[in-house]
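Here is what each chain is made of, one letter per residue.
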4 protein chains.
Amino acid sequence: MNAIQKPRGRMFFANPGPTNIPDSVMRAVSHASIDFNDADFFELYERCVAGLKRVLRTKQHLFFYTASGHGAWEASMANLFNTGDTLLVIETGHFSESWAKMGKALGLCIDTLPADWRKGADFCALRAKLAGDTEHRIKAVCAVHNETAAGTMLDIGAVRAAMDAAGHPALLLADTISSLASLPFEMDAWGVDVVVGGSQKGLMLPTGFSFTGVSEKALEAHKGSRIPKHYFDWSEMLTRRHRSFIGTVPTTLFYGLAESLRLLEEEGLEQVWARHTRLARAVRAAVKHWSGNGPNSNVGGPELYCQDDARASDSVTAILMPDGHDADAVRATCRNRFNVSLGAGLNKLAGRVFRIGHLGDLNEPMVLGTLASVEMALKLNNVPHRPGGVAAAMEELTA
Amino acid sequence: MNAIQKPRGRMFFANPGPTNIPDSVMRAVSHASIDFNDADFFELYERCVAGLKRVLRTKQHLFFYTASGHGAWEASMANLFNTGDTLLVIETGHFSESWAKMGKALGLCIDTLPADWRKGADFCALRAKLAGDTEHRIKAVCAVHNETAAGTMLDIGAVRAAMDAAGHPALLLADTISSLASLPFEMDAWGVDVVVGGSQKGLMLPTGFSFTGVSEKALEAHKGSRIPKHYFDWSEMLTRRHRSFIGTVPTTLFYGLAESLRLLEEEGLEQVWARHTRLARAVRAAVKHWSGNGPNSNVGGPELYCQDDARASDSVTAILMPDGHDADAVRATCRNRFNVSLGAGLNKLAGRVFRIGHLGDLNEPMVLGTLASVEMALKLNNVPHRPGGVAAAMEELTA
Amino acid sequence: MNAIQKPRGRMFFANPGPTNIPDSVMRAVSHASIDFNDADFFELYERCVAGLKRVLRTKQHLFFYTASGHGAWEASMANLFNTGDTLLVIETGHFSESWAKMGKALGLCIDTLPADWRKGADFCALRAKLAGDTEHRIKAVCAVHNETAAGTMLDIGAVRAAMDAAGHPALLLADTISSLASLPFEMDAWGVDVVVGGSQKGLMLPTGFSFTGVSEKALEAHKGSRIPKHYFDWSEMLTRRHRSFIGTVPTTLFYGLAESLRLLEEEGLEQVWARHTRLARAVRAAVKHWSGNGPNSNVGGPELYCQDDARASDSVTAILMPDGHDADAVRATCRNRFNVSLGAGLNKLAGRVFRIGHLGDLNEPMVLGTLASVEMALKLNNVPHRPGGVAAAMEELTA
Amino acid sequence: MNAIQKPRGRMFFANPGPTNIPDSVMRAVSHASIDFNDADFFELYERCVAGLKRVLRTKQHLFFYTASGHGAWEASMANLFNTGDTLLVIETGHFSESWAKMGKALGLCIDTLPADWRKGADFCALRAKLAGDTEHRIKAVCAVHNETAAGTMLDIGAVRAAMDAAGHPALLLADTISSLASLPFEMDAWGVDVVVGGSQKGLMLPTGFSFTGVSEKALEAHKGSRIPKHYFDWSEMLTRRHRSFIGTVPTTLFYGLAESLRLLEEEGLEQVWARHTRLARAVRAAVKHWSGNGPNSNVGGPELYCQDDARASDSVTAILMPDGHDADAVRATCRNRFNVSLGAGLNKLAGRVFRIGHLGDLNEPMVLGTLASVEMALKLNNVPHRPGGVAAAMEELTA
């Protein structure tokens with residue numbers, strides 16, 4: 001068999017973002033140009049705003065940016081703080097680190113609550129930290145709801161509870177880029193002040209806009225912010241007709257957003273979340289099987305990077321390779337021979353981890369076809385593993 | 001879990017036709033209207049004709065019809081014969097029966113070479129039949145290259161050999177609707193006089209045109225044909241600029257055809273065939289495993305409808321259910337719960353057989369995702385089977 | 001200025017068929033393959049059947065063909081008659097001739113009611129003809145509602161009145177290929193027995209299916225028909241689930257049909273007709289102005305081919321060039337320099353006539369941009385004409 | 001006639017941005033998600049970078065942003081300066097004002113070279129200003145190449161000449177958002193240090209990315225910049241694989257960019273510019289005709305906002321209404337009755353000016369259909385004007 005041949009058939013895109021774009025969304029996005037001040041567009045836009053607020057579970061404010069998620073991150077910081085303000089970043093992995101790095105670049109002081117990436121945040125330490133901050137030096141707590149790099153989930157409701165327990169007045173900022181419209185999230189019920197999200201994950205759209213849900217409290221705090229900004233400036237946006245966006249609005253994406261919101265609400269948000277949980281469990285069942293680790297065995301196969309099942313992400317799974325085996329070789333086999341695109345390990349996890357994204361427009365055969373390809377790639381790369389991971393996933397899906 | 005929920009994710013279309021349309025072909029088909037006499041279109045059209053002849057492996061003639069494959073069938077008969085002419089139809093299953101029925105409707109006498117659909121044609125009987133026809137009453141032999149309903153393949157080269165051995169001058173008509181651009185086929189080398197094909201199978205296009213490759217010998221025979229016709233009349237077509245088509249040309253499909261031909265030639269026809277063989281073997285490995293029949297066991301699971309491995313189709317597999325179990329229940333579970341569309345059993349096989357199409361734009365994870373869904377559906381419907389079919393397919397694909 | 005440069009911008013497609021495909025229809029057509037027996041598709045299909053009957057203004061029968069309009073023509077004849085039956089074809093131009101030719105090829109006797117193509121049918125002669133047929137030798141009257149080649153309209157209601165006046169029992173067959181969903185048409189009210197239509201004109205779809213509306217009376221007549229047929233056989237179709245189509249259904253076009261029906265009904269059929277009338281009048285105003293013929297002048301410019309305003313088609317205008325000037329040179333300038341595609345003169349009108357299609361998804365600036373290009377092409381080709389045709393059209397549109 | 005009916009036919013999008021997206025670009029953009037680190041994408045990306053540099057006419061640097069043009073503006077300022085630095089903004093209209101406002105928001109001191117918007121920049125004053133800045137307090141000159149709001153063009157080469165004449169070392173920043181790939185522009189030859197551009201104008205793409213061409217000199221200056229930034233930070237970008245973009249890359253737009261670059265180079269950049277000039281002249285000929293102002297007449301019709309023909313923009317024309325007449329009423333008639341979308345007057349020009357965009361994928365009939373609709377709308381709104389503007393445009397196009 002010739003592995004060099006051009007892959008055929010549909011690419012299985014098992015990256016944690018961007019995600020698969022449903023055909024009907026793709027068709028909707030293929031819309032001719034329109035004046036973003038045209039009455040027809042404005043009506044569409046307002047419907048999208050209302051729908052997205054329902055996804056965020058908020059009745060507060062929403063600002064859009066023609067930007068990737070990193071732009072919304074910058075907006076969340078530039079609009080709220082002043083040079084020298086202190087933020088507490090709950091470490092979860094690569095993306096919490098990146099957000100922290102961005103904060104420093106913007107002139108903020110970052111206090112990091114350290115964590116073992118495989119285990120997730122230490123809530124005892126968080127409570128202690130907040131309780132100890134009697135002067136309320138911490139202006140905001142930054143929490144990545146779903147750490148895409150590590151495949152872990154952070155309980156935002158529990159973060160809020162810790163803040164409340166400490167009576168701490170800091171703002172709560174949550175990055176939901178790889179969780180929104182995939183994992184349960186409740187902006188208002190959880191008292192989240194700023195929610196950062198993007199178009200290209202659970203909303204199943206091309207990359208192109210990002211947004212922040214913003215609480216009244218945050219909007220109040222914004223008034224005192226002095227970090228230089230314009231493109232992301234909420235005050236500037238509030239003077240515009242769309243009360244969002246500086247400059248041209250990416251109109252075509254809103255035709256797609258209307259359709260993705262329709263799909264989400266047709267299925268029902270709770271059903272969407274349940275589907276993500278179901279598929280994620282199947283993926284983890286496969287990986288646990290491959291690892292071959294149990295009371296009486298130790299195959300030493302690939303294993304879940306996340307060591308705490310209760311914190312495993314339901315939208316992306318990071319898989320740690322056995323020592324001496326290259327994650328990127330497995331990815332290359334999947335990509336070149338089976339037309340399956342897996343996520344790479346990021347930064348310090350490069351080569352040691354590969355990731356399976358399982359969020360957005362996904363179903364059982366898509367996940368099982370991916371898992372089967374991974375299992376074949378493990379075999380073809382002579383990676384030790386216990387065969388039968390796909391069967392374990394199927395068992396999970398039909399239990 | 002709620003099986004009633006709206007299926008999400010991409011539909012796995014495992015029907016034997018139409019087939020999956022690659023994105024690039026779909027995009028090409030989405031072309032604005034153009035005058036089919038426009039010079040730009042004519043240039044495209046001529047390129048397509050040349051390319052399709054390479055797929056047919058012929059240097060002879062080609063006629064297109066705005067019609068489904070049945071239209072090309074009608075063209076193949078209406079253009080060659082006179083009322084009362086006798087045709088020998090080699091029985092293979094539902095589609096050989098349908099072609100025969102059409103012949104009768106057009107006023108032809110149909111002589112059928114009977115066969116057990118699960119075993120395929122009896123070549124001894126064929127040779128005897130031809131040898132016995134010393135008066136050359138048989139004007140044509142009609143052979144379905146790939147019987148989509150039974151999942152069997154008929155060796156057209158062997159039919160030609162039988163005709164040559166008998167020195168029989170009949171025309172050889174071959175239906176390649178579900179085999180062309182998927183299974184090896186050689187119009188000129190095999191001495192096929194009329195090849196019937198359509199857009200929506202191995203050519204990976206929407207349904208919309210069909211065509212016949214036509215030999216010099218057949219074009220000569222055409223001159224004496226008196227069956228009333230116009231829409232499919234080759235003589236009429238030869239007066240038109242495109243030397244094909246009566247009436248408006250479905251221009252948009254030719255933009256798609258150019259792209260599908262590009263894809264086929266980029267991969268290489270031999271590689272395309274090899275891919276179909278590889279994936280078909282995986283499917284059969286799974287079914288054989290499910291059947292659980294071996295020297296020491298008899299699970300009584302679903303089994304291959306085709307009882308002769310050498311004649312099993314590499315583009316579609318028909319699977320016979322155990323007695324008392326409903327194929328359509330399995331199909332319904334796949335469709336409603338897993339968004340996998342399987343082919344139904346046709347006519348007398350309805351409810352007893354389901355079919356997996358594995359032709360066109362297909363790869364390993366698409367096939368394995370489908371097989372996994374079928375295996376789960378067998379379990380959910382309490383159909384006896386030996387679990388592990390997917391693993392057997394994976395084994396076959398990595399052997 | 002360099003006329004050889006590659007044309008840019010959107011092509012203005014002013015051909016009388018196929019027609020411009022609206023973006024939303026194009027997007028709808030770009031649908032993935034689906035089993036045409038899938039319940040989801042069947043529901044869509046039934047909606048389309050009901051909607052198309054509303055467009056035909058009938059409550060009777062409808063048969064679809066995977067075929068161009070010529071296929072539906074063949075169906076209309078092959079399903080109703082026997083060899084040697086006589087049909088009266090009302091001459092209108094190229095397409096009435098073609099239909100007659102097809103009838104002959106199918107073994108029918110064609111009696112033509114001759115006409116001056118520039119003036120249209122002679123109703124006195126028609127009445128005389130029908131009255132004289134006391135033996136009812138004429139089995140059907142074939143009438144082309146809108147003669148695309150001549151740009152003339154035939155009053156089908158008046159044909160029915162003539163038949164009724166003569167008490168003639170013949171069937172009435174009407175070709176509405178270039179009029180349906182553009183010009184007023186009433187199948188049931190006008191007592192039309194067979195209506196022939198296609199996808200690629202007023203329905204604004206790609207070429208790919210055609211259809212016939214069929215009255216109870218015609219379906220009764222069908223039972224006695226003995227012309228050999230299968231692909232177009234209504235009896236065969238009535239045994240199928242869709243009660244239409246032999247073979248694979250072109251599913252993707254039905255997604256488009258649902259959208260085009262939605263567009264038509266959103267605008268309102270009467271409004272659609274009114275729009276066609278409005279735009280057609282603008283086109284004719286321009287041509288009349290170019291011709292420059294009036295009481296006191298004779299510029300000798302291009303003129304309307306149709307000499308009777310009351311019979312001018314509201315979906316296509318044929319324009320006759322002054323002697324010694326080549327219509328195709330004007331067309332070439334429009335196509336190559338302005339990216340405007342005009343219809344050619346057909347057969348005996350080749351080179352003498354060019355045609356502007358103005359049916360389907362069309363509005364004022366599309367028509368005016370086309371007329372402006374034609375007027376510039378007349379100038380560039382030194383064709384005598386009175387400048388100001390576009391202004392005359394604008395005047396008509398704002399009167 | 002009923003003006004309330006739903007507009008039909010293709011919308012004529014005569015807005016100055018976004019612009020019409022060619023079908024082939026739209027199809028290319030409709031690409032499935034892909035990992036932006038995938039080798040296939042990286043190859044595409046590099047081709048796009050090379051092609052876009054050819055459009056910018058530079059061999060220096062290029063940074064992309066997932067942002068609208070305003071984001072690239074912010075990048076151009078945030079990457080080069082420090083709080084309190086002085087920039088000289090050459091006033092041209094709304095967009096020069098907006099850029100200046102953004103600079104202030106980022107903490108810069110803005111020195112404006114005032115101008116009459118209808119006449120454009122005063123080069124004498126510019127030369128004087130630069131000569132007077134002997135201390136080189138001015139760190140950069142900001143010039144909007146094409147003022148979209150006023151419909152005027154600023155000669156960037158002349159700005160460079162003025163700077164050189166004064167021996168002034170300031171950086172030269174040019175906004176080419178509505179001119180790039182439409183009007184002649186030469187980054188390297190004109191010594192432009194930062195060029196700001198976006199996807200949605202001459203590049204004929206949906207809104208979604210913007211970019212800056214950056215000279216070596218500017219990259220050197222960047223090293224000393226201390227304005228807080230991250231999302232737009234060039235230094236940060238240089239650490240990334242794509243040497244551009246912070247965060248997810250909008251991959252689908254690059255499939256479109258490759259196609260739009262192919263279209264531009266197939267036509268030839270010089271031919272693209274010539275086409276824009278040709279079409280712009282036609283638009284201006286129509287407006288001048290409508291104005292009816294000449295030696296012997298004064299109709300008092302709408303007139304060109306730009307009073308200096310030599311400075312009229314070839315990509316957008318702003319039209320000033322006669323006193324007492326509402327530009328937006330004309331726009332509403334065009335939009336609602338003729339499906340033509342015109343640009344509004346911005347800010348202080350609101351209601352007094354409407355704008356016709358004529359850039360990107362445009363040809364003669366598109367422009368003439370638009371002009372005809374405008375002329376009809378003038379009539380329908382009883383705006384004084386000399387009829388015959390379309391004819392004047394046609395005359396210009398065939399002179």
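Because the structure is predicted, anything quoted here is derived from the model rather than measured.

J.: Explanation requested: the overall build of chain A in the structure shown.
T.: Check the secondary structure of chain A and you find 13 helices and 16 strands. Seen through its C-alpha atoms, chain A measures out along the principal axes to roughly 60 × 55 × 35 Å. Burial statistics for chain A: of 399 residues in total, 61% are counted as buried. A separation of at least 24 residues holds for 73% of the contacts in chain A among residues at least 6 apart in sequence.

J.: Could you clarify how one ought to interpret the relation of the copies chain D and chain C in this entry?
T.: Both copies of the chain are placed relative to one another by a rotation about an axis and a shift along it. The transformation that overlays chain D on chain C combines an axial shift of 0.0 Å with a rotation of 180°, and the residual RMSD is 0.0 Å. One copy is carried onto the other by what is essentially a two-fold rotation axis. Within chain D, the C-alpha atom positioned nearest to the axis of rotation is that of Gly369(D), 2.0 Å from it. A symmetric contact is evident, with 97% of the interface residues of chain D recurring at the interface of chain C.

J.: Looking at this model, I keep getting lost on the packing of helix α11 (residues 327–338) of chain C against helix α12 (residues 364–380) of chain C. Mind explaining?
T.: The relative placement of two packed helices comes down to the angle between their axes together with the axis-to-axis distance. All names here are of chain C. Close contact between α11 and α12 brings their axes to 9 Å; oriented N to C, the two are set at 115°. Where α11 crosses over α12, the handedness of that crossing is right-handed. Of the residues in α12, those touching α11 at Val330, Thr333, Cys334 and Phe338 are Ser373, Val374, Met376, Ala377, Leu378 and Leu380. Here the contact of α11 with α12 is composed, by residue class, of 8 nonpolar, 2 polar and no charged.

J.: Can you help me understand the sheet that holds strand β4 (residues 109–113) of chain C in this one?
T.: Hydrogen bonds along the backbone pair up the strands of a sheet, which may run parallel or antiparallel. Residues and elements named next belong to chain C. Taken together, the 7 strands give an open sheet; going across it, the order is β2-β10-β9-β8-β5-β3-β4, and neighbouring strands pair in mixed fashion. Edge positions in the sheet fall to β2 (61–65) and β4, since each of these pairs with one other strand and no more. The average undirected angle you get between the axes of adjacent strands in this sheet is 20°. Across 5 bridges, the pairing between β2 and strand β10 (residues 210–214) is antiparallel. Within the sheet, the bridge partner assigned to tyrosine 65 lies in β10 and is serine 210. The sheet strands contacting helix α3 (residues 69–78) are β2, β8 (171–175), β9 (194–198) and β10, and the helix crosses β9 at an angle near 165°.

J.: For this particular structure, what's the right way to read the sheet that holds strand β2 (residues 61–65) of chain D?
T.: Residues and elements named next belong to chain D. Pairing in this open sheet of 7 strands is mixed, and the strands run β2-β10-β9-β8-β5-β3-β4 from one edge to the other. Every interior strand has two partners, whereas the edge strands, β2 and β4 (109–113), have only one. Across the sheet, the mean angle separating the axes of adjacent strands is 20° when strand polarity is ignored. Bridging between strand β5 (residues 138–144) and strand β8 (residues 171–175) involves 5 bridges; their strand directions are parallel. Among the inter-strand pairings, valine 144 is bridged to a residue of β8, identified as aspartate 175. In the packing of helix α4 (residues 94–105) onto the sheet, contacts are made with β3 (86–90), β4, β5 and β8, and the angle to β3 comes to roughly 170°.

J.: Just to check I follow, could you spell out the UniProt feature "binding site: substrate" (unreviewed entry) in chain A for this structure?
T.: Residues and elements named next belong to chain A. Mapped onto this structure's residue numbering, the UniProt feature "binding site: substrate" (unreviewed entry) falls at Arg355. Overall, arginine 355 belongs to the buried group, with 26 C-beta atoms counted inside 10 Å. Not counting the four nearest positions on each side in its chain, arginine 355 is found in contact with Pro16, Gly151, Val316, Thr317, Ala318, Ile319, Leu342 and Gly343.

Rules used throughout
Residues numbered from 1 in each chain as written. Chains lettered and ligands numbered in written order. Predicted model: local features only at pLDDT ≥ 70, side-chain atom pairs only at ≥ 80, totals over all residues. Helix = DSSP H or I, 4+ residues; strand = E, 2+ residues; numbered from the N terminus. Buried ≥ 20, exposed ≤ 12 C-beta atoms within 10 Å, placed from the backbone. Contact = placed C-beta atoms within 7 Å. Least-squares fit on C-alpha atoms with pLDDT ≥ 70 in both. Axes fitted to C-alpha atoms, helices over the stretch in contact; angles between N-to-C directions. Left-handed = near helix turned anticlockwise from the far one by under 90°. Nonpolar A, V, L, I, M, F, W, Y, C, P; charged D, E, K, R; others polar. Pairing = 2+ DSSP bridges. UniProt positions renumbered as here; feature names shortened; annotations may be inferred.

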